[in-house]
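Chains, contacts and geometry: an overview
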Amino acid sequence: MEPLTKRSIQLLKTLYEKGRSTSTYTLRVKQDELSSQLGISRQALNVHLRKLKIRGYIRTGRGFIDVTDKGLDALGVSSTPAFILLKISPIKRIRVYEQIRQLAISRAFRIAGEVDALIMVERENLDDVLKKLYNIDGIEDTRSYVTIEVIK
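Bear in mind the structure is a predicted one, so any value in this text is a computation, not a measurement.

Section: the pattern of salt bridges
- Evaluated as defined, the whole model comprises 8 salt bridges.
- Residue R42 pairs with D32 through a salt bridge whose shortest N-O separation is 3.2 Å. Here the residue R42 occupies a position in helix α3 (residues 42-54), and D32 occupies one in helix α2 (residues 31-38), the gap between them amounting to 10 residues.
- Note on R42: relative accessible area 36%, which makes it partly exposed.
- Counted as one network, the salt bridges with shared partners bring together K87, R93 and D116.

This is the structure:
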């Protein structure tokens with residue numbers, strides 16, 4: 001792969017620094033497939049996609065559809081998640097990680113430091129996820145943090 005030029009790096013850095021972090025869910029699907037899954041015609045699908053795009057709920061391009069922050073808000077999905085930090089018994093980590101994978105969470109990370117794992121969860125699911133975590137043998141401690149707003 002060819003290395004990036006100085007100008008490309010400058011452009012990428014500017015886009016990153018001036019950009020705004022967003023939560024998007026990207027679906028890579030052909031519109032024929034999507035219309036078939038929904039049981040509607042391709043024309044009807046295009047009408048609905050156009051309305052959603054005009055309202056800012058989605059972005060579309062060749063072969064993809066992104067649900068934007070505004071679309072997530074319309075669905076009641078938070079763009080400001082909650083985080084759960086976990087301290088896990090070393091001898092039970094593998095089994096605990098397997099059980100965490102089964103939960104209704106956005107992302108989970110194994111991390112180094114004072115805690116062993118970080119779970120990112122929609123705020124709406126926080127209580128349910130915490131209840132399930134309490135029942136997992138091997139979790140020694142949990143700390144929960146709810147985000148208030150996106151800073152950058």
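A short note on helix α5 (residues 93-100)
- For α5, the full list of buried residues reads V96, Y97 and I100. Down the axis of α5, the buried set is contained in an arc of 100 degrees. They therefore lie on one face.

Describing the nonpolar core
- In terms of nonpolar packing, the biggest core is built from 17 residues, with I84, L86, I100 and L133 touching the most fellow members.
- When contributions to this core are tallied by element, the ones reaching two or more residues are β4 (82-88), α5, β6 (117-121) and α6 (126-134).
- Those residues in contact with L86 that sit more than four places away from it in its chain are I100, V115, D116, A117, I119, L133, I139, D141 and T142.

Observations regarding the environment of V150
- For V150, the position within the fold is in the segment after β7 (139-146).
- A relative accessible area of 43% places V150 in the partly exposed class.
- Taking C-alpha positions, V150 is 6.7 Å from T80, a pair spaced 70 residues apart along the chain.

Focus: the sheet that holds strand β5 (residues 107-110)
- Here 4 strands make up an open sheet; going across it, the order is β5-β6-β4-β7 and the pairing antiparallel. Single-partner strands in this sheet number two, and they are β5 and β7. Direction aside, the axes of adjacent strands within the sheet are offset by 15 degrees on average.
- Pairing analysis gives 4 bridges linking β5 to β6, with the strands arranged antiparallel. Residue pairing across strands places R110 opposite A117, the latter belonging to β6.
- The strands that α5 touches are β4, β5, β6 and β7; relative to β4, the one it contacts most, it runs at about 155 degrees.
- Where α6 meets the sheet, its contacts fall on β4, β6 and β7, and the angle it forms with β4 comes to roughly 10 degrees.

A word on α6
- Every buried residue of α6 is accounted for by L126, V129, L130 and L133. Projection of α6 onto a plane perpendicular to its axis shows the buried side chains occupying an angular sector of 100 degrees, all on one side. Away from the buried face of α6 by more than 90 degrees, exposed residues D127 and K131 are located.
- For α6, the secondary structure elements touched by its buried residues are β4, α5, β6 and β7.

Thresholds, definitions, all that
- Along each chain, numbering runs from 1 in the same order as the chain's sequence is written.
- pLDDT decides what is reported in this predicted model: residues at 70 or higher carry local features, side-chain atom pairs at 80 or more are listed and counted, and totals for whole chains, interfaces and linings draw on all residues regardless.
- With hydrogens and water set aside, each side-chain value is computed from the structure's full complement of heavy atoms.
- We define a salt bridge as a contact between a side-chain nitrogen of Lys or Arg and a carboxyl oxygen of Asp or Glu at a distance within 4 Å.
- Numbering of helices and strands runs from the N terminus; a helix is a DSSP stretch of H or I covering at least four residues, while a strand is a stretch of E covering at least two.
- The buried label goes to any residue with under 20% of its type's maximum accessible area, the exposed label to any with over 50%, and the partly exposed label to all in between, with areas taken from a 1.4 Å probe on protein chains only.
- This arc describes the spread of directions from the helix axis toward the C-beta atoms.
- Here, the term nonpolar core denotes a set of buried Ala, Val, Leu, Ile, Met, Phe, Trp, Tyr and Cys residues that are joined through side-chain atoms within 4.5 Å.
- Contacts are assigned to residue pairs with any non-hydrogen atoms lying within 4.5 Å of each other.
- Strands are treated as partners if at least two bridges between them are detected by DSSP.
- As a rule, the C-alpha atoms of each element are fitted with a line to give its axis, helices using only the stretch in contact, and angles between N-to-C directions run from 0 to 180 degrees.

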